[in-house]
Amino acid sequence: MHFFYDAVTRIENHAITRWKQSGKKVVGYTCSYVPPEIFHAAGILPVRLRGIETDGMEIGDAYFGPFICSFPKCLLQQAGKGEFSFLDGVLIIPGCDAMRRLDECWRKAGEDHQGIVPTWFEYFDVPHKSEVHGMNWFVQEIRNLIERIERQFGVSVTGTALRESIREYNRGRRLLKTVETLRAEKNVRVSGTDVFSATIAGTVLPREEYTRQLEKWLEDLSGRDPLEGEKKRLMVIGSIADEIDLFQLIENGTDAVVVAENLCFGVRYEGNEIPVNGDPILSLARHYLETSVCPRMFGKYKQRLALLREKIERAGVEGVILQNIRFCDLHGSENGLFQRDLEAEGIPCLRLEREYGPLKETGRIKLRIDAFLEQIA
Amino acid sequence: MRPELKEYNYDWMMGKTLKAAAMVPGGTQKETDLALKYLPYYHGVADAFFNAGDPGIQLLKMLSQYYENILTAREKGKKIVATTFCQTPAIFYAMDVVPVTFEVLTALGGLVWKRGLFDYMDYCCEVGMSETSCSSQRGAMGAYLARLGEEIDFVVCDTPGVCDTNANAFSFAATYLDKPYYQLNYPSTLGDDRSEKYHLDDYKEMIKFLEKNTGKKMDYDRLAALIKIVDQQDELIGELEDMFMLVPVPMPPLFNLAMYAGRFAFCGHEAFTRLLSSMLEWARTQAKQGHSGLKSGKEKLRAYMCYIDHYTVDMNFWHYLDERGIATVGSILSRNFRDISTYAQFLEGSGYGVDVSSPEAMIDTIAQMNARLPMVRSIRGPYDKRNMWLEETLAIAKLCHAQCIIYNGTPGCRNTWGMVKPFSRDLENQGYPVHIMNDDAFDDRVESWDSTRERLDEFFQVRGLL
């Protein structure tokens, strides 16, 4: 577990450093709608960008306005500080308004902070709908992305290589599905913090190394005893969250265990393997665009609610923490609807607004979580 | 929401208020003066409208008619669609659907209601919306979520990709009210073949959605007639906008509000044509005489509102401009980018043409028209790319001899707050003093009008503009 924990608590972990030392390229991307298989097939390490380890906001605040979510601000802060200097390229995705404006703010910050904008700084235009023309757009966007990668990095992304990459990522998906099955057991034997670390690690580690480590960890898990004491089983959903300390805050010193989550950094696609037959680009497009789990895909609330219900039932969830980063209206508002509908079904919910990054408001959050746990009989 | 507010149907209240207001100028001066005594809260609004002569009266009549249409939709067997301001309602009118445009209604309510639309805004949060979401929808929308307005039949918005916060509000409303929802989605580029094709496909799907939910087929003859009227209206708007280039501006600040409110709510309707014609006649007369449209007759400063105006109680903002001798040369809200407009010609490749020769051509025309309405045009892509917000702002500021640029929005506007700082620096580098207003255009509780006014005064003074 230490391997995953170490990998996800630093922006540039040891594996990234080793990868760079071997002369290979690294590209950062900002959203779960990007198929990392494409970069994998090109021999490039895809790294999902994270704003952890932030210790100030003077750069983020200099370009973004005050009413903006702290996640893109933290990313900009770290970019401005040179913490992403290991990147050979960046891919910006319009996950929401604030995230798409990271494009301008990063570029403009680059005028004041030399060398923080990689030569390859690109935009990946993900539509908000997966219906026919939305899907056609996305497929074309993937094709264009491949061309741009090939041109910039002097590589070739063949259909065969893409299929191999999909196979490799599917191996990880199968393993994560097994983890999900384990944590759904009545006597749960793994903490949510550990599972979350293992999941995030998949977005920042070389895939083969990740799969190997996941296999080892699963072997270890299968022989492990259940966690001590009776646990209250929680699910965490909402805004982007990749902070291990948020999960630690929920679980450490309490009788709670996170048995499920629906977060864009968490296990959302488990068991949902990508077909390796047929056109790999079409398969990737369908997987990433059609599996609509983010409220940015407007008008699909009912599908998302159904997914939550299914997870709640499968993992025996007794309470749901609906967190959102301040100014994240997409999750913030959808959380209100989830609360209405889940509480009507007798599932206690806690709506929690917070800031992204180092938990500076631990006391307040802890107090609310404790009170929520008391509510769960 | 306060229980007493739940006793009143919001649409009815607003409709009756506007109907009464529209009738007042028809009486004698004595009757008008007497009527004003019964308007304790929006004296300033009434004054502004009544003093604007025939254009003010036409504007009141148009707004009154807009509400009348909402209130009588049911008895006339018409469906009601909740929609957004950056979507031309012409396509709804072609299908005999009555649009309820949340932002227009929020602005209107905010101007005339004593407590603004605060209670209705808060109601949205009571039922689950985040309190940081945009107030422009939350105002009027609160009344509909509380079932204090006419029943919405379905929801259509065209902001995903350009303003996700806006789209999120409409998506929330559709889910909360359990109504069908259609979203038109915008890529970040404009004018290239790929995005044009995407718009066309999106609109075809929207027409299918409308046909399914109204049980009617699209009447293309009617659509063609409406597009022609809209085009004539855009030409009139273009003429009025050209007057912003004159020194002094011959129109009062209210005219710009009338231009875009009418376009968002009532384009294609005779009432809007009458309003535009009346404004144009008034402005031409003023222009011939070289008069300023300001009450004092003396233009001291020319400001370009690069985003939206400030819709506080009693039209405080417009009165402030008038009192200080500040002429606005418009905002992005009235710009339509018909290819014959002056500014569209300055921004190569930004305009659209009109073609009603076939259903396909009409859908394409509507799609291209919509793709160039406020927000969906100016701030859809990176602000510093070709034909986007920076270029547009600089082109209009230059054409209209603006001496400063003012940004005003809402804290809910992630889109512009996400880049307004570098945007304003770029404008400053081009020689324009820029003021970023930190208030909420629809909610005085965020920053009181007094503070907003002080900050504006400070800006004008410190930058040596007034």
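Since the structure is predicted, the reported quantities are computational estimates derived from the model, not experimental observations.

The helix and strand tally for chain A stands at 16 helices and eight strands. Taken against the 2.2 N^0.38 rule, which gives 21 Å for 377 residues, the C-alpha radius of gyration of chain A at 20 Å falls within 12% of a compact globule. Along the longest, intermediate and shortest principal axes, the C-alpha atoms of chain A span 60 × 45 × 40 Å. In chain A, which comprises 377 residues, the proportion classed as buried is 53%.

Let us look at the overall build of chain B. If you tally the helices and strands in chain B, you get 20 helices and eight strands. Radius of gyration (C-alpha) of chain B: 21 Å, near the 23 Å computed for a compact globule of 466 residues. Counting over 466 residues, chain B shows a buried share of 59%. Expressed as a percentage of contacts within chain B between residues at least 6 apart in sequence, the contacts between residues at least 24 apart total 75%.

With that settled, the discussion passes to the interface of chain B and chain A. Taken together, the contact between chain B and chain A spans 40 residues of the former and 39 residues of the latter. For the side of chain B that touches chain A, the elements supplying multiple residues, two or more each, are helix H9 (164-177), strand S4 (181-183), helix H10 (193-214), helix H18 (414-417) and helix H19 (420-429) of chain B. Per element, the largest residue contribution to the side of chain B that touches chain A is nine residues, and it comes from H9(B). Of the residues assigned to the side of chain B that touches chain A, the class counts are 18 nonpolar, 15 polar and seven charged.

To characterise two packed helices, one gives the angle between the axes of the helices and the distance between these axes. Residue and element names in this part refer to chain A. As a packed pair, helix H10 (residues 192-201) and helix H12 (residues 244-251) sit with axes 9 Å apart at the nearest point and diverge in direction by 165°. By the angle between their directions, the pair H10 and H12 is classed as roughly antiparallel. Read as a crossing pair, H10 and H12 show a hand that is right-handed. Contacts between H10 and H12 involve Gly192, Thr193, Phe196 and Ser197 on the former and, on the latter, Ile244, Phe247, Gln248 and Glu251. Grouping the amino acids of the contact of H10 with H12 by side-chain chemistry returns three nonpolar, four polar and one charged.

The subject of this paragraph is the sheet that holds strand S2 (residues 45-48) of chain A. Residues and elements named next belong to chain A. Strand order in the open sheet formed by four strands is S2-S1-S3-S4, and the pairing between neighbours is parallel. A strand with exactly one partner marks an edge of an open sheet, and here the two such strands are S2 and strand S4 (120-123). Averaged over all pairs of adjacent strands, the angle between their axes in this sheet comes to 20°, without regard to strand direction. In this sheet, strand S3 (residues 89-92) lies alongside strand S1 (residues 26-29) in parallel orientation, the contact comprising three bridges. In the sheet register, tyrosine 29 faces S3, and the bridge partner there is leucine 91.

Okay, the sheet that holds strand S3 (residues 154-157) of chain B next. Residues and elements named next belong to chain B. Here we have four strands laid out as an open sheet, ordered S2-S1-S3-S4, and parallel in their pairing. Edge positions in the sheet fall to strand S2 (98-101) and S4, since each of these pairs with one other strand and no more. On average, each strand axis in the sheet is tilted by 25° relative to the strand beside it, whichever way the strands run.

Moving on, we get to the nonpolar core. Ranked by internal contacts, the top residues of the largest apolar core, which has 281 residues, are Leu76(A), Ile93(A), Leu234(A), Met235(A), Val155(B), Ala173(B) and Tyr304(B). The greatest single-element share of this core, amounting to 10 residues, is contributed by helix H12 (residues 254-266) of chain B. In contact with Leu234(A), other than residues within four places in its own chain, are Ile250(A), Ala256(A), Val257(A), Val258(A), Val259(A), Val317(A), Gly319(A) and Ile321(A).

Here the focus is the packing of helix H11 (residues 220-242) of chain B against helix H16 (residues 359-370) of chain B. All names here are of chain B. Running from N to C, H11 and H16 point in directions that differ by 45°, and their axes come no closer than 10 Å. The orientation of H11 with respect to H16, classified from their angle, is oblique. In this structure, the crossing between H11 and H16 has a hand that is left-handed. Residue-level inspection shows Tyr220, Leu223, Ala224 and Ile227 of H11 in contact with H16, the latter providing Pro359, Met362 and Thr365. Residue classes in the contact of H11 with H16 are distributed as six nonpolar, one polar and no charged.

A few words on helix H7 (residues 118-126) of chain B. Because each turn of an α-helix spans 3.6 residues, side chains separated by three or four positions in sequence point in the same direction. When H7(B) is considered as a whole, its buried residues turn out to be Asp119(B), Tyr120(B), Met121(B), Tyr123(B) and Cys124(B). Looking at the buried residues of H7(B), the elements they touch are helix H8 (135-145) of chain B.

Quick look at the confidence of the model for chain B now. For chain B, the average pLDDT comes to 94, and 100% of its residues sit at 70 or higher. This prediction of the complex comes with two scores: 0.97 for pTM and 0.96 for ipTM.

A word on the pairing of strand S8 (residues 349-354) of chain A. All names here are of chain A. Bridge count between strand S7 (residues 319-325) and S8: six bridges; the pairing is parallel. Within the sheet, the bridge partner assigned to asparagine 324 lies in S8 and is glutamate 353. Since S7 and S8 lie parallel, the crossover through helix H15 (residues 329-344) that links them has a hand, and here it is right-handed.

All right, on to unusual backbone geometry then. Residue and element names in this part refer to chain B. Following valine 247, the chain continues into proline 248 via a peptide bond in cis, with omega recorded as -5°. Here proline 248 is to be found in the loop between H11 and H12. Of note, phenylalanine 337 is a non-glycine position whose phi angle comes to about 65°, a positive value. In this fold, phenylalanine 337 is placed in the loop between strand S6 (326-328) and helix H15 (342-346).

Take helix H13 (residues 270-288) of chain B next. All names here are of chain B. In a regular helix each residue adds 1.5 Å, so 19 residues correspond to 27 Å; H13 covers 27 Å between its end C-alpha atoms and thus fits that length. All buried positions along H13 are accounted for by Phe272, Thr273, Leu275, Leu276, Met279, Trp282, Ala283 and Gln286. If you follow the buried residues of H13, they end up packed against helix H4 (54-72), H11 and H12.

The next thing to look at is the environment of Tyr42(B). All names here are of chain B. Considering the arrangement of structural elements, one finds tyrosine 42 in the loop between helix H2 (29-37) and helix H3 (43-51). For tyrosine 42, a count of 20 C-beta atoms within 10 Å puts it in the buried group. In the structure, tyrosine 42 is positioned 69 residues away from leucine 111 in sequence and 7.4 Å away in space, judged by C-alpha atoms. Here tyrosine 42 is in contact with Leu111, Val112 and Asp314, once residues within four sequence places are set aside.

The rules behind these values
- Residues numbered from 1 in each chain as written.
- Chains lettered and ligands numbered in written order.
- Predicted model: local features only at pLDDT ≥ 70, side-chain atom pairs only at ≥ 80, totals over all residues.
- Helix = DSSP H or I, 4+ residues; strand = E, 2+ residues; numbered from the N terminus.
- Rg over C-alpha atoms; globule rule 2.2 N^0.38 Å.
- Buried ≥ 20, exposed ≤ 12 C-beta atoms within 10 Å, placed from the backbone.
- Contact = placed C-beta atoms within 7 Å.
- Nonpolar A, V, L, I, M, F, W, Y, C, P; charged D, E, K, R; others polar.
- Axes fitted to C-alpha atoms, helices over the stretch in contact; angles between N-to-C directions.
- Parallel < 35°, antiparallel > 145°, perpendicular 65-115°, else oblique.
- Left-handed = near helix turned anticlockwise from the far one by under 90°.
- Pairing = 2+ DSSP bridges.
- Core = buried A, V, L, I, M, F, W, Y, C linked by C-beta atoms within 7 Å.
- pLDDT = per-residue confidence, 0-100.
- Right-handed = clockwise from strand over helix to strand, strands pointing away.
- Expected span 1.5 Å × (residues − 1).

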